[in-house]
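The residues making up each chain are set out below.
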Amino acid sequence: MLDLKNWFSPKHYKRLWNVGPPGLIASLLLIYLTLQYEAAFSIKKYETGHMWVDVLFFLIFLEMLFILFWTLFSLPPKNRGRKLSTSGIYSFIRHPIYTVVIFHINILTSLLVGSYLLLFLVPIQYLLWSKMVVKEEEYLIGIFGQEYIDYMSNVSRFIPWK
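Positions within a chain are numbered from 1, following the residues in the order the chain's sequence is written. Only residues with pLDDT of at least 70 get local features here, since the model is predicted, and only at 80 or more are side-chain atom pairs given and counted; chain-wide, interface and lining totals rely on the full set of residues. Neither water nor hydrogens contribute to the side-chain values; these are computed over all heavy atoms in the structure.

Lay out the overall build of the protein chain in plain terms, naming residues and giving numbers.
Comment: elements are numbered from the N terminus, with helices defined as DSSP H or I runs of at least four residues and strands as E runs of at least two. The helix and strand inventory of the protein chain stands at 7 helices and 0 strands. Going from the N terminus to the C terminus, the protein chain shows its helices and strands as α-α-α-α-α-α-α. The buried share of the protein chain, reckoned over its 162 residues, is 37%. Within the protein chain, residue pairs in contact and separated by at least 24 positions form 73% of the contacts whose partners lie at least 6 positions apart. Computed by Shrake-Rupley with a 1.4 Å probe, the accessible areas treat only the displayed protein chains as cover when residues are assessed. Total accessible area on the protein chain stands at roughly 9900 Å², and carbon and sulfur atoms take up 70% of it. We call a residue buried when its accessible area falls under 20% of the maximum for its residue type, exposed when it is over 50%, and partly exposed in between, using a 1.4 Å probe and counting protein chains only. In this analysis, two residues are considered to be in contact whenever any of their non-hydrogen atoms come within 4.5 Å of each other.

Can you explain the environment of I67? Please cite residues and give values.
As for its position among the elements, I67 is in helix α4 (residues 51–74). Through-space distance from the C-alpha of I67 to that of I97 is 7.7 Å; in sequence the pair is 30 residues apart.

Explain the packing of helix α3 (residues 20–40) against helix α5 (residues 96–113) to me, and be specific about the residues and the numbers.
In this analysis an axis means a line fitted to C-alpha atoms, helices contributing only their contacting stretch, and an angle means the value between N-to-C directions, from 0 to 180 degrees. Contact pair α3 / α5: the axes reach a minimum separation of 11 Å and the direction vectors enclose 20°. Taken together, the axis directions place α3 and α5 in an arrangement best described as roughly parallel. For the pair α3 and α5, the crossing hand works out as right-handed. Of α5, the residues touching α3 (which contributes G20, L24, S27, L28, I31 and L35) are Y98, V101, I105, N106, T109 and V113. An angle below 35 degrees is treated as roughly parallel, one above 145 as roughly antiparallel, one from 65 to 115 as roughly perpendicular, and anything else as oblique. By the definition used in this description, the sense in which the near helix is turned from the far one sets the handedness, with an anticlockwise turn below a right angle giving left-handed and a clockwise turn giving right-handed.

Account for the environment of I60, with residues named and values stated.
Within the secondary structure, I60 sits in helix α4. Between the alpha carbons of I60 and I105 there is a distance of 9.5 Å; along the sequence they are 45 residues apart. Not counting residues within four places of it along the chain, the set of residues in contact with I60 comprises H104, I107, L108 and L111.

Can you explain the packing of α4 against α5? Please cite residues and give values.
For the pair α4 and α5, the least separation of the axes is 10 Å and the interaxial angle reads 165°. Comparing their axes, α5 and α4 come out roughly antiparallel. Regarding α4 and α5, the two cross each other, and that crossing is left-handed. Every residue of α5 that contacts α4 at V53, L56, F57, I60, F61, E63, M64, I67, L68 and T71 is listed here: P96, I97, V100, H104, I107, L108, L111 and L112.

Describe the pattern of salt bridges, listing the residues and the values that go with them.
Each salt bridge in this description consists of a side-chain nitrogen of Lys or Arg and a carboxyl oxygen of Asp or Glu lying within 4 Å of one another. This model, assessed by the stated rule, comprises 3 salt bridges. Between E38 and K45 there is a salt bridge; the shortest N-O distance is 3.7 Å. With a shortest N-O distance of 2.7 Å, R94 and E137 are connected by a salt bridge. Highlighted residues: R94 in the loop between α4 and α5 and E137 in helix α6 (residues 117–144), separated in sequence by 43 residues. Taken individually, R94 and E137 each receive the classification buried, so the pair is uniform in this respect. Several salt bridges converge on common partners, so that one network encompasses R94, E137 and R157.

Please set out the side chain of T34 residue by residue, giving values where relevant.
In this structure, T34 sits in helix α3. Counted as a polar contact is a pair of N or O atoms within 3.5 Å, where, for protein atoms, one must be capable of donating a hydrogen and the other of accepting one, and residues adjacent in sequence contribute only when both atoms are in side chains. Reaching out from T34, the side chain makes a polar contact with the backbone oxygen of L30 at a distance of 2.7 Å.

Function-wise, these values are silent; they only describe arrangement.
Here's what the structure looks like:
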C-alpha cells in the first residue's frame, strides 16, 4: 500500500515538481512555439497522407507505449523513490519516461503535422532535459548513495548506449 503521508512529505513533493512536470510543460511549449513559428513564416511541411508516414507513426507510437508499460512493470509507482530498480528497462536507460518526452512526443507530433522543424527540436530538448535531470539525479544520489553513482556510471540517461 502506498504511504501517502510519506509520499507527500516536503522531500517527495519537491522532487515531484523538480523535473517531470516543468520539463513536460517546457517541451510542450517548445513544440507549440515551433509550430507557431512554422505557421507565421509559412515554412514548408512534408506530406503526411502517405502510407509510410502512417506506418512509421504507428510503429513509434507502439514503441512509446512499450517503453511506458515496461517502465511501469520495472518500477511500480509504490516503489518509486524507495527502491532503486536496475532491472527491466532501467538496465538500459535511467530515465525512460523522459526519453519518451524528448524523442517520441516530438517525432510523433512531427509525423502528425508534417513538421521538419520539430525534428530539429529533438537535440534542443535533449540538452534541456540533460540540464534539468541533474537535480533529480542529485536527489537520487542522496537517497541511494554509492549504489546510484555506480548505476549512473553503467547506464546511460536517455539513450540505451553510451
